[in-house]
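Fold and geometry: a report
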Amino acid sequence: MASHLRIEEATAAILPQLQAAFGVRGLMVRRLDTVRRRVETLVSAGMSTQLTAGDGRLEEAQWSALLQWCGTATPIAEEASRLVKRLPGLLPRNLPGKVWVGCLEQAGQPRGLLILDVAACPDEVVLSACFSALLEPFAAALENDRRLRELSVLREAAEADRQSLLTRLKRQDVTDTPVGAESGLREVMQRVDLVARSDTPVLILGETGSGKEVIARAIHRRSPRSAGPSCASTAVPFRPS
């Protein structure tokens, strides 16, 4: 589990082991959306493609019953048809046979569900111990997936802001040569070339909007560290005395 960053990869890697040892047919991870009172299927491996998602919004009483069961931290091993009626939203509909269901917790809060579709287990005692041991690493994988999704959203937002800024500036890239480099800023760019070759820290002063970050990027691009990440910087407003 720990060798795969994405939960889809971890699920695909561990399913063959469960199939060989316990006759598990499929594995599913579902996410609890506490804001919209929904249980959404995040990843499914080996499950029938004919399953009805069952990802709709739950009634308040149904959601409370589901959270109450999650609070017990006791995995369930039961026929899927009975569980669907007893705890609506816990499983996708049309799931045949017996299933094992456990709650995935993070910081003491229910975050999701781990579901095993078991055909005929040769040793349910051993499977029970194995299933309980799987809950913690799958909970960690679920949390990693949440963070990856958040980072993806932030990256998309940052890229949208970047493209919007480039459009307003009528530029193709933020690494373009500063406007005026060959005319009014010629002396400034000569100093940029001078300090870029050294290891000396550089303090850039200027009024807000004067282009301090543009000059900082120009120094970085011309430095021996241009292939690496840019150095952390703090913009210091210039206030004449």
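Structure shown above.
Because the structure is predicted, anything quoted here is derived from the model rather than measured.

Notes on the nonpolar core
- Grouped together as the largest cluster of nonpolar side chains are 25 residues, with contacts concentrated most on L27, V29, L104, L114, L116 and F138.
- Mapped onto this core, the elements with two or more residues apiece are helix 1 (7–22), strand 1 (24–33), strand 2 (38–45), strand 4 (98–106), strand 5 (109–118) and helix 4 (124–169).
- Of the residues forming this core, the biggest block, eight residues, is contributed by helix 4.
- Those residues in contact with L114 that sit more than four places away from it in its chain are L27, M28, V29, W100, V101, G102, L104, F131, L134, L135 and F138.

A short note on the environment of Q109
- Position of Q109 among the secondary structure elements: in strand 5.
- Note: C-alpha distance between Q109 and C70 (39 residues apart in sequence) is 8.9 Å.

Some thoughts on the pattern of salt bridges
- Per the counting criterion, the structure on display carries 13 salt bridges.
- In this structure, D117 and R25 form a salt bridge, with 2.9 Å as the shortest nitrogen-oxygen distance. Placement of D117 in strand 5 and of R25 in strand 1 is noted, with a sequence separation of 92 residues between them.
- On the basis of relative accessibility, which here comes to 36%, the residue R25 falls in the partly exposed class.
- D145 is the partner of R149 in a salt bridge, and the nearest nitrogen-oxygen pair spans 2.6 Å. Within this pair, R149 and its partner D145 are both found in helix 4, separated by four residues, close to a single helical turn.
- The class for R149 is partly exposed, based on a relative accessible area of 43%.
- D145 sits in the buried class, given a relative accessible area of 6%.
- Counted as one network, the salt bridges with shared partners bring together R31, D33, R36, R38 and E40.

Focus: the pairing of strand 5
- Across the ten residues of strand 5, eight count as buried, placing the element largely inside the fold.
- Taken together, the seven bridges between strand 1 and strand 5 define a ladder with antiparallel strand orientation. If you follow M28 over to strand 5, its bridge partner there is I115.
- Note that strand 4 and strand 5 share nine bridges and pair antiparallel. Considered in strand 5, the bridge of V99 is made with D117.
- Linking strand 4 to strand 5, which pair antiparallel, is a turn of two residues; within it A107 sits at a positive phi near 55 degrees.

Some words on helix 1
- Across its 16 residues, helix 1 extends 21 Å between first and last C-alpha, which sits within 8% of the 22 Å expected from 1.5 Å per residue.
- Of all the bends found along helix 1, the most pronounced is centred on I14 and spans about 25 degrees, while P16, a proline, follows it within four residues.
- Looking at helix 1, one finds that the buried residues are I7, A10, T11, I14, L15, L18 and F22.
- Two residues or fewer past helix 1, G23 is found with a positive phi of approximately 70 degrees.

Some remarks on the sheet that holds strand 5
- The sheet built from five strands is open, its strands ordered 2-1-5-4-3 with antiparallel pairing. Each edge of the sheet is formed by a strand with only one pairing partner; in this case those strands are strand 2 and strand 3 (76–79). Each strand axis lies, on average, 25 degrees off the axis of its neighbour in the sheet, ignoring direction.

Points about the packing of aromatic side chains
- A complete count under the given rule lists one aromatic pair for this structure.
- Here the aromatic rings of W100 and F131 are separated by 6.0 Å at their centres, their planes lie at 65 degrees, and the arrangement is edge-to-face. In this pair, W100 sits in strand 4 while F131 sits in helix 4, placing the two residues 31 residues apart along the sequence.
- Under the relative-accessibility criterion, W100 is labelled buried at 6%.
- Judged by its relative accessible area of 1%, F131 falls in the buried class.

Calculation criteria
Residues numbered from 1 in each chain as written. Predicted model: local features only at pLDDT ≥ 70, side-chain atom pairs only at ≥ 80, totals over all residues. Heavy atoms only, no water. Core = buried A, V, L, I, M, F, W, Y, C linked by side-chain atoms within 4.5 Å. Buried < 20%, exposed > 50% of the residue type's maximum accessible area, 1.4 Å probe, protein only. Helix = DSSP H or I, 4+ residues; strand = E, 2+ residues; numbered from the N terminus. Contact = heavy atoms within 4.5 Å. Salt bridge = Lys/Arg side-chain N within 4 Å of Asp/Glu carboxyl O. Pairing = 2+ DSSP bridges. Expected span 1.5 Å × (residues − 1). Bend = angle between axes of the 7 residues up to and from the residue. Axes fitted to C-alpha atoms, helices over the stretch in contact; angles between N-to-C directions. Phe/Tyr/Trp six-rings, centres within 6.5 Å; stacked < 30°, edge-to-face > 60°.

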